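Coordinate inspection notes
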Amino acid sequence: MRTGIATVCLSGTLKEKMQACAIAGFDGIEIFEQDLVTSPLAPEDIRRMAADLGLTLDLYQPFRDFDSVSEDLFAANLRRAEAKFKLMARLGMDTILVCSNVATASIDSDSLRVEQLGRLAGLAGEHGVRVAYEALAWGKYVSDYEHAHRLVEAVDHPNLGTCLDSFHILSRDWDTAPIEAINPGKIFFVQVADAPKLSMDVLSWSRHYRVFPGEGQFELAKFMGHVVRAGYTGPVSLEVFNDVFRQSDVERTAVDAMRSLIWLEEQSAKWLDGTSTEGTAGSAAGSRRRYPMELATLPKVSEPAGFNFAEVKAEDTVQLEKLLGQLGFEFNGRHRTKDVQLWTMGQARVIINEQAASHSEPAIAALGFDVDSPLIASARAQQLKAPVVVRKVQADEEVFQGISAPDSTEIFLCQGSPDGTAAWTAEFGQPDESGGGLQHSSLRDVATPHAVIDHVNLAQPWQHFDEAVLFYTSAMALEPQPFAEVPSPGGLVRSQVMQTSDGAVRLVLNLAPVQQARSEVRKTYQEHIAFAVDDLVATARSARDRGLEFLQIPANYYEDLDARFDLEPGFLATLKELNLLYDRDANGEFLHFYTATVGSVFFEMVERRGNYDGYGAPNAPVRHAVQYDSVHRF
Ligand SMILES: O=C(O)c1ccc(O)c(O)c1
Ligand SMILES: [Mg+2]
């Protein structure tokens, strides 16, 4: 697949954009007119720079409001077009995008459009230019790709073809199957963009909310599958108008963009294999190879089987040790060679890492996922341009394959074991060794509850939120769930759950308002690790007896709870007494509580009853409000 990207996707000057595209590995770019008009570079310089960077200049765009106009306006439009054709000769470009008229269209006549597009194609032919006609979703008379293509067919000129843009097609819910019937020689260009499903006017949706493939909700693999089956072989080019990307770091956005195309390529191949009429997978892949566009695939990963561990970094570990001990975690000793401690409760493993002096206050630093093959998962992530994390290990220690997530959380790919144990824990010493944390052995008479890491909640800087969704989707095989918006005193927090189909791994990505850096985000919107236990009330009682500081839930909450659920009075009193939160839906019940925060981390204990699959979303605003209050009280 030939990869491309429109300069409008990125921040910076044209020069910076081109450089970032080359670094990210794109084959070519679309030059957006604004970027050229505002550039100090002469067209010849741009041409030379692109050649030197190894980028092809695939599309000049957009040329607006050409068709469906009166004759005198049409004459002016042709003159305007000819000026652009001459400019394109200087740039060494041969394809221009002409979008359907939205503003000056006054005559609704297909025969007039055929005549006017025909005359444009004739002029383009004289200049060696190809015109790719695109139906904008909000075009006045032409808003449907099949309509645009019928006009192209009727003109029947070698210099006129169609531009297919996934946004204009999928935002309007047009059927994509008819793409297959289009003569591939007449598809002059293909643009791809994803988007969240929003109910708003389509122009605003398109201009501000497009995202890279895999970051939204459009069925892009299917769209691309039809394009491939049509026999198209030209560039597949990202055209993403997005307010966040346009002000984010250009090189980073270009890499995010490239990741989305690599992923889309794989997903398209999968879609083609899955819809092949020829029985077995082997012959399905064979049938995909019948199409002229070659689609690269990636090392395969299946969803992770569970969390292997969570790691919290802290310079001063006293508070963390105290908190974990109070929750009922056992100290499992220090590492043989590193300055790290292991704390466990059942199969929930927490590492306290004291090595990272750069983190002055406790913060979530790393997560371990159990995968089938760490080697394959790591190869896949690296092909998806995930940065590798290297940690020093001694010869006899387990080597973890690590990658860095967009918010810089380190993700370690661990070899899962069927019984839920982890071989690396043998590298940790005895619980009673000197220097190891809290002396709480007297509390061991309380049987250690069965526990697992239930979910981890990470605060995301606003400029990396969509990138994070694509990262966990493409590299870690997590599924994005419909996002929620949680009111907090500091603003609306967008909450995106990414999880495996069985819920064994659940990540909650929270997009906090306003703050810039992750460290700032974390101050107000803290992050947490949640552990699931079998008996939350018993866990809470033991924790209280050990002196745990619970997040204090307001009395109003319990009145509201009673109004909504009509709870048994004794049960309601227990919830209130222990600062427990409660939720119930058709699938089951959810009990949970939160600890006070140390640094930017707090812990949550949960109990899932029945098949409850959520996170107590109705309780999230209460937590945010209480935490906000505790941060801003001083
Ligand atoms: O929003 C627009 O005007 C616009 C312009 C050119 C395109 O290719 C497009 O998809 C949208
Ligand atoms: Mg477009």
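Quick caveat: nothing in here was measured; it's all calculated off a predicted structure. (Residues numbered from 1 in each chain as written. Chains lettered and ligands numbered in written order. Predicted model: local features only at pLDDT ≥ 70, side-chain atom pairs only at ≥ 80, totals over all residues. Heavy atoms only, no water.)

**Describing the sheet that holds strand β2 (residues 28–32)**
Put simply, the test is: Strands pair, by our definition, only if DSSP identifies at least two bridges between them. In this text, helices come from DSSP runs of H or I with a minimum length of four residues, and strands from runs of E with a minimum of two, each type numbered from the N-terminal end. Lines fitted to C-alpha atoms define the axes, with helix axes restricted to the stretch in contact, and inter-axis angles between N-to-C directions lie between 0 and 180 degrees. Between two residues, a contact is recorded if the distance between any of their heavy atoms is within 4.5 Å.
Pairing in this closed barrel of 8 strands is parallel, and the strands run β1-β2-β3-β4-β5-β6-β7-β8 around the ring. Across the sheet, the axes of successive neighbouring strands diverge by a mean angle of 30°, strand direction being ignored. Of the strand pairs in this sheet, strand β3 (residues 56–63) and strand β4 (residues 95–99) are connected by 2 bridges, and their pairing is parallel. Within β4, the position partnered with Tyr-60 by the bridge is Ile-96. Those strands touched by helix α4 (residues 71–91) are β3, β4 and β5 (130–134), and its axis lies near 165° from that of β3. In the packing of helix α5 (residues 110–126) onto the sheet, contacts are made with β4, β5 and β6 (160–165), and the angle to β5 comes to roughly 150°.

**Things to note about the domain arrangement of the protein chain**
Short version of the rule: For every domain, the bounds stem from an assignment made automatically or drawn from a database. Once two parts are put together, the accessible area they lose, assessed with a 1.4 Å probe and summed over both, is termed the buried area. Take a side-chain nitrogen of Lys or Arg and a carboxyl oxygen of Asp or Glu: if they are within 4 Å of each other, that pair is a salt bridge. For the purposes of these results, a polar contact is taken to be a pair of N or O atoms within 3.5 Å, where, inside protein, one atom must be able to donate a hydrogen and its partner to accept one; residues adjacent in sequence count only when each atom of the pair is a side-chain atom.
For the protein chain, the assigned domains are domain 1 (2–288) and domain 2 (306–633). Taking the mean C-alpha position of each, domain 1 and domain 2 sit 43 Å from one another. With both sides pooled, the region where domain 1 packs onto domain 2 buries about 1600 Å², and carbon together with sulfur makes up 59% of that total. Of all residues in domain 1, Arg-252, Arg-259 and Trp-263 bury the most surface against domain 2, accounting for 40% of the area lost on that side. Between Arg-380 and Glu-266 there is a salt bridge whose closest N-O contact spans 2.6 Å. Applying the counting rule to domain 1 against domain 2 returns 7 residue pairs in polar contact (both at pLDDT 80 or more). Looking at the side of domain 1 that touches domain 2 element by element, the count peaks at 9 residues for helix α10 (residues 250–275).

**Observations regarding the site of ligand 1**
Operational definition: Throughout, the term near means that a residue has one or more heavy atoms lying within 4 Å of the molecule or strand in question. Residue polarity is assigned by list, with Asp, Glu, Lys and Arg as charged and Ala, Val, Leu, Ile, Met, Phe, Trp, Tyr, Cys and Pro as nonpolar; anything else, Gly included, falls into the polar class.
Close to ligand 1 lie 14 residues; Arg-64, Glu-134, His-168, Arg-207 and Glu-239 are nearest. Contact distances for ligand 1 include 3.0 Å between an oxygen atom and a side-chain N or O atom of Gln-61. Measuring from an oxygen atom of ligand 1, one finds a side-chain N or O atom of Gln-191 at 3.4 Å. Class assignment for the residues of the shell around ligand 1 results in 5 nonpolar, 3 polar and 6 charged.

**Quick notes on the environment of Asn-611**
Heads up, the rule is: Between buried and exposed lies partly exposed: a residue is buried under 20% and exposed over 50% of the maximum accessible area for its type, with that area taken using a 1.4 Å probe on protein chains only.
Note that Asn-611 resides in the loop between β25 (601–610) and α19 (620–632). Judged by relative accessible area, Asn-611 falls into the exposed class, the value being 61%. Considered as a pair, Asn-611 and Arg-259 are 352 residues apart in the sequence and their alpha carbons are 35 Å apart. Look past the residues within four positions of Asn-611 in its chain and what remains in contact with it is Asn-587 and Gly-588.

**Looking at the pattern of salt bridges**
Applying the stated criterion across every chain, the model contains 25 salt bridges. For Arg-210, the salt bridge identified is with Asp-165, shortest N-O distance 3.3 Å. On the criterion of sequence distance, the pair formed by Arg-210 in the loop between α8 (202–208) and α9 (220–230) and Asp-165 in strand β6 is long-range, its members being 45 residues apart. The pair formed by Arg-210 and Asp-165 is uniform in burial state, with each residue classed as buried. A salt bridge links Glu-311 to Arg-391; its shortest N-O distance comes to 2.8 Å. Of this pair, Glu-311 sits in strand β9 (residues 306–313) while Arg-391 sits in the loop between β14 (388–389) and β15 (401–404); the two residues are 80 residues apart in sequence, bridging distant segments of the chain. Among the residues examined, Arg-391 registers a relative accessible area of 31% and is labelled partly exposed.

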